[in-house]
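Descriptive structure summary
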Amino acid sequence: MTTTARQPRLQDARRIVVKIGSALLVDDRSGRLRTEWLAALAEDLSDFRKAGKEVVVVSSGAIAAGRRHLGLTGRDLKLEEKQAAAAAGQIRLAHAYQEALAAHSIPIAQILLTPTDTEERRRHLNARATLLQLLKLGAIPVVNENDTVATQEIRYGDNDRLAARVATMISADTLVLLTDIDGMYTADPGLVSDAEHVPVIDSITDEIEAMAGESRSARDPSGLGTGGMTTKIQAAKLAYQGGCATVIGLGSVLHPLRNLQEGARSTWVVPSVKPLAARKKWIAGSLNASGAIVIDAGAVKALSSGRSLLPAGVTSVSGSFDRGDAIRILDPERRTIGTGLCAYSSEEATLIAGHQSSEIPGLLGYEGRTAMIHRDDLVLSIALSMSDTE
């Protein structure tokens with residue numbers, strides 16, 4: 001359960017996904033957004049940015065913010081009413097984040113995702129590229145479930161697992177799950193007086209999952225939150241598999257991120273591998289290659305130095321594959337030296353093979369990506385010595 005492993009520190013994280021639940025953002029009595037709390041959170045996010053951290057926010061609250069705006073109060077909502085409330089509330093939610101972060105001159109960008117967007121390879125790559133570009137441009141992406149179309153998530157969960165999927169998608173090193181409790185306990189402390197706090201978990205076992213207990217939705221009269229410790233642990237498990245650490249901490253206080261950074265009680269789930277290593281393991285072992293490309297000696301040398309594969313180094317393309325598919329990488333002697341996710345289809349790859357990246361717009365009719373296979377999407381299957389590349 002707990003271990004002697006060193007508990008991570010939030011201040012050491014470089015790329016962070018912060019998940020915020022409905023009950024933290026929206027007052028269950030008035031239906032109004034908690035603007036004071038959001039302003040304090042925005043200050044925390046600004047401090048993270050000043051410290052050189054990249055931050056993505058995954059925020060619930062659209063349904064809670066929209067239902068009273070549409071007069072949908074005093075009863076459980078039908079599925080289509082929840083979808084309507086989400087559509088109305090998402091505008092209010094985005095505006096609130098924009099105002100809060102504008103006080104710190106931080107631009108935001110709204111991204112609505114469904115599980116398919118994070119699981120299907122081509123859409124996964126598109127979403128990943130957009131999120132990473134926004135971070136590069138200094139924006140804070142605010143992500144929410146696309147509740148108007150993703151009805152399964154409305155009925156069966158909240159955004160905890162979406163946050164974990166986003167964290168693994170962008171190779172984040174830390175996922176922060178802000179909730180109404182200061183971490184994991186050996187039992188529900190609201191029901192068991194001698195329940196013990198669990199500060200560090202290094203493996204999510206059956207015992208840990210049993211401790212999480214039932215979802216709070218069964219006993220939450222507000223109807224604002226559909227998650228509980230069970231969904232937090234399920235999300236932590238997804239993040240763990242992607243090499244991302246998870247911290248579960250109290251979010252209802254002002255400046256919740258600052259409090260965690262200063263050592264407030266919480267529970268850390270610590271993976272044994274780093275995010276990029278986990279991603280490369282997934283590419284190498286979980287995907288079947290749909291095609292192959294042959295590269296020249298100069299490209300082999302570049303890959304051995306940790307660089308991306310550019311079209312100029314490709315001499316031939318075989319097989320039929322779409323953008324985002326895994327393909328084999330062959331050296332000039334046709335030996336397999338690696339696997340990667342290609343940024344182009346086989347037809348496009350054939351057109352740009354051997355050409356400079358600057359020629360891509362003229363060949364394809366659109367700007368395209370500089371690399372045919374980005375280094376983060378590439379795994380070498382053999383150790384390349386300098387003699388192999390000369």
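Residues numbered from 1 in each chain as written. Predicted model: local features only at pLDDT ≥ 70, side-chain atom pairs only at ≥ 80, totals over all residues. Heavy atoms only, no water.

The description of two aromatic rings rests on the distance between their centres and on the angle between their planes. In the structure shown here, the tally under the stated rule is zero aromatic pairs. Against the face of Phe 48 rests Lys 53, its NZ or CZ located 5.9 Å from the ring centre. (Phe/Tyr/Trp six-rings, centres within 6.5 Å; stacked < 30°, edge-to-face > 60°. Lys NZ or Arg CZ within 6 Å of the ring centre and 35° of its normal.)

Considering every residue of the protein, the mean pLDDT works out to 86; 89% of them sit at 70 or more. Throughout residues 214-226 the model reports pLDDT below 50, and contacts reaching past four residues in sequence, or to other chains, amount to 23 contacts. Within the model, pLDDT remains below 50 along residues 384-390, and this stretch shows nine contacts once partners closer than five positions in the same chain are excluded. (pLDDT = per-residue confidence, 0-100. Contact = heavy atoms within 4.5 Å.)

Below, the discussion takes up the packing of helix α8 (residues 160-169) against helix α10 (residues 229-241). Contact geometry of α8 with α10 gives a least axis separation of 8 Å together with a crossing angle of 15 degrees. The pairing of α8 with α10 is recorded here as roughly parallel in orientation. You can see that α8 and α10 cross each other, and the crossing is right-handed. Counting all contacts with α8, which are made through Asp 160, Arg 161, Ala 164 and Thr 168, the residues of α10 involved are Thr 231, Lys 232, Gln 234, Ala 235, Leu 238 and Ala 239. (Axes fitted to C-alpha atoms, helices over the stretch in contact; angles between N-to-C directions. Helix = DSSP H or I, 4+ residues; strand = E, 2+ residues; numbered from the N terminus. Parallel < 35°, antiparallel > 145°, perpendicular 65-115°, else oblique. Left-handed = near helix turned anticlockwise from the far one by under 90°.)

This paragraph deals with unusual backbone geometry. Here Ser 171, not a glycine, exhibits a phi torsion of approximately 55 degrees, which is positive. Positive phi values are uncommon outside glycine, yet Arg 334 reaches one of about 65 degrees. Considering the arrangement of structural elements, one finds Arg 334 in the loop between β13 (326-330) and β14 (336-341). In this structure Arg 334 comes out as exposed when scored by relative accessible area, which is 52%. (Buried < 20%, exposed > 50% of the residue type's maximum accessible area, 1.4 Å probe, protein only.)

Time to look at the nonpolar core. The tendency in soluble globular proteins is for nonpolar side chains to be buried side by side. In this structure, Ile 20, Val 176 and Leu 178 are the most contacted members of the largest nonpolar core, which totals 41 residues. If you tally residues by element for this core, the top one is helix α4 (residues 79-102), at seven residues. Leaving out residues up to four positions away in the same chain, Ile 20 has contacts with Leu 25, Trp 37, Leu 41, Val 57, Val 58, Ser 59, Ser 60, Tyr 97 and Leu 178. With 40 residues, the next largest nonpolar core counts Leu 177, Ile 204, Ile 208 and Ala 212 among its residues. (Core = buried A, V, L, I, M, F, W, Y, C linked by side-chain atoms within 4.5 Å.)

So, on to the pairing of strand β10 (residues 266-269). Alternating residues of β10 divide into Ser 266 and Trp 268 and Thr 267 and Val 269, and every residue in both groups is buried. Direction of pairing for strand β8 (residues 200-201) relative to β10: parallel, over a ladder of two bridges. The residue of β10 that forms the bridge with Val 200 is Trp 268. Pairing geometry for strand β9 (residues 245-250) and β10, over four bridges, is antiparallel. In the sheet register, Val 247 faces β10, and the bridge partner there is Trp 268. (Pairing = 2+ DSSP bridges.)

This structure, assessed with the given rule, holds 13 salt bridges. With a closest N to O distance of 3.8 Å, Arg 34 and Asp 27 form a salt bridge. Judged by relative accessible area, which is 21%, Asp 27 ranks as partly exposed. Measuring nitrogen to oxygen at the nearest pair gives 3.2 Å for the salt bridge that ties Lys 237 to Glu 209. Here the residue Lys 237 occupies a position in helix α10, and Glu 209 occupies one in helix α9 (residues 206-212), the gap between them amounting to 28 residues. We classify Lys 237 as partly exposed; its relative accessible area is 31%. Salt bridges sharing common partners tie together Glu 43, Asp 44, Asp 47 and Arg 258. (Salt bridge = Lys/Arg side-chain N within 4 Å of Asp/Glu carboxyl O.)

Turning our attention to helix α2 (residues 35-50). Look at α2: 22 Å from first C-alpha to last across 16 residues, which is about the 22 Å you get at 1.5 Å a residue. Three or more residues of α2 are buried, namely Trp 37, Leu 38, Ala 40, Leu 41, Ala 42, Asp 44, Leu 45, Ser 46 and Phe 48. (Expected span 1.5 Å × (residues − 1).)

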